[in-house]
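Coordinate analysis (summary)
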Amino acid sequence: MSTRETAVAGQFYPSDANEIKAMLEHYNQILEEHLQDEAILHLRPRAVIVPHAGYVYSAFTANVAMRLLKNSHAKCVVVIGPSHKVYLKGTSVSDYDSYATPLGTLPINRSLLTELKEKFGLTFIPEAHHEHSTEVQMPFIKKYEEDASIVEMVYGDESPQRLANIIEHLLDDPDTVVVISTDLSHYHSIEKANRLDSICLDAVKNLDASELHQGCEACGKIGVEAMLIAAKKRGLKSILLDYSTSADTSGDKSQVVGYMSAAFIGK
């Protein structure tokens, strides 16, 4: 039995399970006290977009979307994120038996993994799977869909259309949900970040992949574009859930990173 061990626990998120649980409970309390539309808490997404920075900066925004996974009762969660440290051509799929988190291990869906490798020619590049963009999502999944299996996909130089074809295939199974991982603009003033990030937000809201090329600086833009292509083709509706920046936590408005979460609803 091979396990994908944690690579960034204790760095991007706490390595202690109780700390993670306390953090998410705190965020849920804030959300429930200030939410203007309670209907959001009852959404059943087929897919979500979430950020992947350190929990202290982006986990509130991510949690707004990831807690909705429990409403979907998904049997499998496929997490798709960009490679930050390793160059790779195409997309690598995590070929292990399980995935470790501080909250316990998640089983990897071996049958789906094999299917994706055979149908779409995905490969397994081990060095690409020390990736934080996907790993930081796993404790959320263990928290909210503890019995689900997972598949981790990390892409590099990839065609958005090819990735969209994979997402469409995944969404053919009503028991599967997709998690797209991305941060937005990086290290601009708060004013410029808000301006650039609004392009990304509008593209998601309008399901218009072409808008992403008008200045959106999301590091996971390929994944977002693929999701928008697939969502539009399937007739899914997009709902923006939250937008924040690192300045909300750090107070530094001179070099901020933007974060968003969104849900895709439909069949």
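Just above, that's the structure.
The following paragraphs examine the structure supplied in this document. (Residues numbered from 1 in each chain as written. Predicted model: local features only at pLDDT ≥ 70, side-chain atom pairs only at ≥ 80, totals over all residues. Heavy atoms only, no water.)

The terminal C-alpha atoms of helix α9 (residues 221-234), which comprises 14 residues, lie 20 Å apart, in line with the 20 Å expected from a rise of 1.5 Å per residue. Residues of α9 that are buried include every one of Gly223, Val224, Glu225, Ala226, Met227, Leu228, Ala230 and Ala231, and no others. Buried residues in α9 make contact with β2 (47-50), β7 (149-155), α7 (160-171), β8 (176-181), α8 (190-206) and β11 (256-265). Where α9 ends, the next residue or the one after it, Gly235, has phi of about 75°, a positive value. (Helix = DSSP H or I, 4+ residues; strand = E, 2+ residues; numbered from the N terminus. Expected span 1.5 Å × (residues − 1). Buried < 20%, exposed > 50% of the residue type's maximum accessible area, 1.4 Å probe, protein only. Contact = heavy atoms within 4.5 Å.)

Attention now moves to the pattern of salt bridges. Enumeration over the complete set of coordinates arrives at eleven salt bridges. Taking the shortest distance from any N to any O, the salt bridge between Glu152 and Arg4 comes out at 3.8 Å. Here the residue Glu152 occupies a position in strand β7, and Arg4 occupies one in strand β1 (residues 3-4), the gap between them amounting to 148 residues. Here Glu152 and Arg4 have matching classes, each one buried. The partner of Glu32 in a salt bridge is Arg67, and the shortest N-O contact between them spans 3.0 Å. (Salt bridge = Lys/Arg side-chain N within 4 Å of Asp/Glu carboxyl O.)

The next point concerns empty space enclosed by the protein. All told, the structure shown has one cavity of 30 Å³ or more when counted by the stated rule. There is about 30 Å³ of room inside the largest cavity. Considering the residues around the largest cavity, the lining is formed by Pro51, His52, Ala53, Tyr55, Ser58, Ala59, Ala62, Val136, Gln137 and Phe140. Among the elements that line the lining of the largest cavity, the one with the most residues is helix α2 (residues 55-66), at four residues. (1 Å grid on protein atoms, 1.4 Å probe; cavity = no way out; pocket = protein on both sides within 12 Å on 5 of 7 lines; lining within 4 Å. Points joined across faces, edges and corners; volume = space filled by probe spheres on them.)

Per the stated rule, a full pass over the model turns up four aromatic pairs. Measuring from ring centre to ring centre gives 5.7 Å for Tyr27 and Phe60, while their planes differ by 90°; the resulting arrangement is edge-to-face. Here Phe60 lies in helix α2 and Tyr27 lies in helix α1 (residues 17-34), a separation of 33 residues in the sequence. Through successive ring pairs, a cluster of aromatic residues spans Tyr13, Tyr55 and Phe140. The ring of Phe120 has Lys119 lying over it, and the distance from NZ or CZ to the ring centre is 5.8 Å. (Phe/Tyr/Trp six-rings, centres within 6.5 Å; stacked < 30°, edge-to-face > 60°. Lys NZ or Arg CZ within 6 Å of the ring centre and 35° of its normal.)

A few words now on the state of the cysteines. In the structure shown here, the tally under the stated rule is one disulfide. Each disulfide pairs two cysteine sulfurs, and for Cys200 the partner residue is Cys216, the sulfurs being separated by 2.2 Å. Between Cys200 and Cys216, the disulfide has an S-S torsion of 105° and is therefore right-handed. With Cys200 in helix α8 and Cys216 in the loop between α8 and α9, the pair connects residues that are 16 residues apart, well separated along the chain. Here Cys216 falls in the buried class, since its relative accessible area comes to 5%. Residue Cys219 stays outside any disulfide, its sulfur separated by 9.5 Å from that of Cys216, the closest cysteine. A relative accessible area of 29% means that Cys219 is categorised as partly exposed. (Disulfide = S-S within 2.5 Å.)

Let us now look at the pairing of β2. Every second residue of β2 is oriented toward a common face, with Ala47 and Ile49 on one face and Val48 and Val50 on the other, all of them buried. One ladder, built from four bridges, connects β2 with β8; its direction is parallel. Considered in β8, the bridge of Val48 is made with Val179. Pairing analysis gives three bridges linking β2 to β11, with the strands arranged antiparallel. Bridging from a neighbouring strand, Val48 pairs with Ala263 of β11. (Pairing = 2+ DSSP bridges.)

In this section: the environment of Arg46. Structurally, the position occupied by Arg46 is in the loop between α1 and β2. Under the relative-accessibility criterion, Arg46 is labelled buried at 8%. Those residues within four positions of Arg46 in sequence are excluded, and the remaining contacts are Leu170, Leu171, Asp173, Pro174, Thr176, Val177, Val178, Leu236, Phe264, Gly266 and Lys267. Within the local environment of Arg46, its side chain forms a polar contact with the backbone oxygen of Thr176, the two atoms lying 2.9 Å apart. (Polar contact = N/O pair within 3.5 Å; in protein donor to acceptor, adjacent residues only side chain to side chain.)

Within the secondary structure, Thr123 sits in the loop between α4 (110-120) and α5 (132-135). A sequence separation of 20 residues divides Thr123 from Leu103, and the C-alpha atoms of the two residues are 28 Å apart. With sequence-adjacent residues up to four places away left out, Thr123 is seen in contact with Thr91, Ser92 and Val93.

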